[in-house]
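Structure assessment
Okay, here's what each chain looks like letter by letter:
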Amino acid sequence: MNREQRKQAVAQAALDYVRPGLERHSVLGVGTGSTANLFIDLLGTIKAEVPATVSSSEASAQRLRDHGIPVYDLNAVDTVQVYVDGADECNRRLELIKGGGAALTREKIVAAVAEEFVCICDDSKLVSELGNFPLPVEVIPMARSHVSRELVKLGGDPVYREGVVTDNGNVIVDVYHFPIADPRQTELSINTIAGVVSNGLFALRPADILLLGADSGVRKLSATG
């Protein structure tokens with residue numbers, strides 16, 4: 001299978017994983033990105049079975065609505081049973097880098113609320129050490145230069161993502177050449193920089209299940225092994 005076929009297969013596997021519980025899952029969390037879009041399009045084929053969703057971005061929310069799927073504000077729901085989203089990189093501990101689509105903060109919020117986080121990727125995203133993909137950091141605009149200087153001190157090469165404004169009205173700084181030996185500590189360290197809203201490391205709250213699309217089919221990895 002080529003990459004697109006692997007992404008389609010893993011989106012279908014995610015639908016098959018969540019579909020049996022949709023009746024008891026009062027709210028389904030849905031993420032952002034190309035693989036998440038494939039999952040949304042598959043949800044559209046069973047929209048009568050989907051009682052409610054929350055989304056991690058305005059773009060995904062609109063895509064869900066275009067399929068006739070109800071979307072709620074996260075503040076209006078009590079719980080999110082399952083959150084399905086992609087990643088830009090993942091490791092075998094199910095720690096992730098996310099934010100290539102600039103939705104990292106809302107993705108992190110929905111993941112924090114969700115009882116179960118299901119990550120869907122093709123196997124090109126699986127790495128032994130996170131950091132080959134530039135780490136996105138969402139920053140309050142007035143703090144961009146300060147945050148960038150602090151990221152240099154941590155060993156990274158920060159680059160302002162020009163022309164991008166997040167759904168929260170902030171900017172993105174991508175950190176290149178930044179091997180991440182200890183994702184949890186790195187996530188904490190970046191979060192302490194004044195002006196940082198959030199960073200794209202999902203290590204303090206990793207995925208619970210990873211569905212990985214490969215040539216041989218979809219593999220399922222869990223945080224418990």
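Structure's up top.
Below you will find a few notes about this structure.

A few points about the pairing of strand β7 (residues 135-139)
Most of β7 is tucked away, with five of its five residues classed as buried. Residues L135, V137 and V139 line one face of β7 and the alternating positions P136 and E138 line the opposite face, and both faces are buried. The sheet contact formed by β7 and strand β9 (residues 171-176) spans five bridges and is antiparallel. Pairing of V137 across the sheet is with V173, part of β9. As paired elements, β7 and strand β10 (residues 196-199) share three bridges and run antiparallel to each other. Among the inter-strand pairings, V139 is bridged to a residue of β10, identified as V196.

Quick word on the sheet that holds strand β1 (residues 28-30)
Through backbone hydrogen bonds, the strands of a sheet pair up, either in parallel or in antiparallel fashion. What the six strands build is an open sheet, ordered β2-β1-β3-β6-β12-β13; its pairing is mixed. Two strands in the sheet have a free side with no partner beyond their single neighbour: β2 (53-55) and β13 (217-222). Here the average twist between neighbouring strands, direction ignored, is 20°. Here β1 pairs with β2 via three bridges, running parallel. Within β2, the position partnered with G29 by the bridge is V54.

Cut-offs used in this document
Residues numbered from 1 in each chain as written. Predicted model: local features only at pLDDT ≥ 70, side-chain atom pairs only at ≥ 80, totals over all residues. Heavy atoms only, no water. Buried < 20%, exposed > 50% of the residue type's maximum accessible area, 1.4 Å probe, protein only. Helix = DSSP H or I, 4+ residues; strand = E, 2+ residues; numbered from the N terminus. Pairing = 2+ DSSP bridges. Axes fitted to C-alpha atoms, helices over the stretch in contact; angles between N-to-C directions.

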